[in-house]
Amino acid sequence: QEEQSVLVQFVPAELRPWEIRRVRKLLRSEQSEGRSLQVRLQDLGSWDVWISATDAGLGGPAPGNEGVEPVGYVIDARIDPFRERVAGIERIEIEPLRDGVRVVGLEVHGDVVIERVADRRGGGTAFFRSGERVWVALDRPLDRGETAELEIAFSGRMLQKVSAGLYALRDTSRWYPHCGTTDRATYDVTLHWPERVDVVSGGSLVAGGTEGGFRWERRRVERPA
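Okay, so let's go over this structure. (Residues numbered from 1 in each chain as written. Predicted model: local features only at pLDDT ≥ 70, side-chain atom pairs only at ≥ 80, totals over all residues. Heavy atoms only, no water.)

### Quick look at a nonpolar patch on the surface
Inference 1: Among the surface-exposed residues, Val6, Val8, Trp47 and Val49 lie close enough to one another that they form a single nonpolar patch of about 400 Å² accessible area.
Inference 2: Those elements that provide at least two residues to the nonpolar patch are strand E1 (5-12) and strand E2 (45-53).
Inference 3: Its place among the elements puts Val6 in strand E1. (Patch = residues over 30% accessible without salt bridge, like charges linked within 9 Å, V, L, I, M, F, W, Y side chains within 5 Å. Areas by Shrake-Rupley, 256 points an atom, 1.4 Å probe, with all protein chains shown as cover. Salt bridge = Lys/Arg side-chain N within 4 Å of Asp/Glu carboxyl O. Helix = DSSP H or I, 4+ residues; strand = E, 2+ residues; numbered from the N terminus.)

In structure tokens:
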């Protein structure tokens, strides 16, 4: 983390018995529809931050970092507005900031389900999730001067109906996994969606077409963003 020393106190929400029953019912309803997946009753409350500070080095403050930065994101995603779902395969090319990196931290919206992670230098890769953070154990260490590519299968109910016939992303940046502290990278994104709807997206249009009742477009952002 950029600030390595943190002292916090968790203050649980004060709920009366009838409020607890109501919250449990609401959570069951939300989670059955693919929302609030990372929320538990015991998580309700607030974090009081007492101290958050960067470690001191010989030359002054020495902020930490995630250990890797992304070089580029390649995403192939299918959009289903009528079920409010987005699902895809993502490949992240990463480069290490130090020698011997064994774990890569990812950040993603809590309602995005990570189905599979693979280090393309090897095979299937173990990962651990806590809330909106996912830690991936690389098949072998990654040193400076090398790059690696993670392949991630993800899906989630990340669309919401704004008005009749209009849908928007619930979160415009965390609907797919990210990594890195600075997180500036190129993008190569292919989107598929039902032919009877339109999609608004950023990036330069590279190619597109229609296939089997679906439209598709490939878009690129070639300046790291």
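The discussion continues.
### Some details on the sheet that holds strand E9 (residues 127-130)
Inference 1: In space, the 4 strands of this open sheet follow the order E9-E10-E7-E14, with antiparallel pairing throughout. Of all strands in the sheet, those with a lone pairing partner are E9 and strand E14 (178-179), marking the two edges.
Inference 2: Pairing analysis gives 6 bridges linking strand E7 (residues 101-107) to strand E10 (residues 133-142), with the strands arranged antiparallel. Residue pairing in the sheet places Val104 in a bridge with Val136 of E10. (Pairing = 2+ DSSP bridges.)

### What about helix H1 (residues 17-32)?
What sets the pattern is the α-helix's 3.6 residues per turn: residues three or four places apart point alike.
Inference 1: Over its 16 residues, H1 extends 23 Å from the first C-alpha to the last, a length consistent with the 22 Å expected when each residue adds 1.5 Å.
Inference 2: Restricting attention to buried positions, one finds in H1 the residues Glu19, Val23 and Leu27. The arc that holds the buried residues of H1, viewed along the axis, is 70 degrees, so those residues lie on one side. The exposed set on the far side of H1, more than 90 degrees from its buried face, consists of Pro17, Arg21, Arg22, Lys25, Arg28 and Ser32.
Inference 3: At the exit of H1 stands Gly34, carrying a positive phi of roughly 85 degrees. (Expected span 1.5 Å × (residues − 1). Buried < 20%, exposed > 50% of the residue type's maximum accessible area, 1.4 Å probe, protein only. Arc of directions from axis to C-beta.)

### A look at unusual backbone geometry
Inference 1: Positioned with a positive phi, Glu84 is a non-glycine residue whose angle comes to about 60 degrees.
Inference 2: Mapped onto the elements of the fold, Glu84 is located in the loop between strand E5 (68-80) and strand E6 (85-96).
Inference 3: Taking the relative accessible area as the measure of exposure, Glu84 reaches 13% and is therefore buried.
Inference 4: Positive phi, normally seen in glycine, also occurs at Asp183, with a value near 55 degrees.
Inference 5: Turning to its location among the elements, Asp183 is positioned in the loop between E14 and strand E15 (186-194).

### Describing the layout of surface pockets
Inference 1: A volume near 770 Å³ is recorded for the largest pocket.
Inference 2: Along its surface, the largest pocket is lined by 26 residues, and Leu169, Leu191, Val199, Val200 and Ser201 are the ones closest to its centre.
Inference 3: Looking at the lining of the largest pocket, the elements that each hand over two or more residues are E5, strand E13 (166-169), E15 and strand E17 (214-221).
Inference 4: Broken down by element, the residue count for the lining of the largest pocket peaks at 4 residues, all from E13.
Inference 5: In terms of residue class, the lining of the largest pocket is built from 18 nonpolar, 5 polar and 3 charged.
Inference 6: What the second largest pocket holds in volume is close to 310 Å³. (1 Å grid on protein atoms, 1.4 Å probe; cavity = no way out; pocket = protein on both sides within 12 Å on 5 of 7 lines; lining within 4 Å. Points joined across faces, edges and corners; volume = space filled by probe spheres on them. Nonpolar A, V, L, I, M, F, W, Y, C, P; charged D, E, K, R; others polar.)

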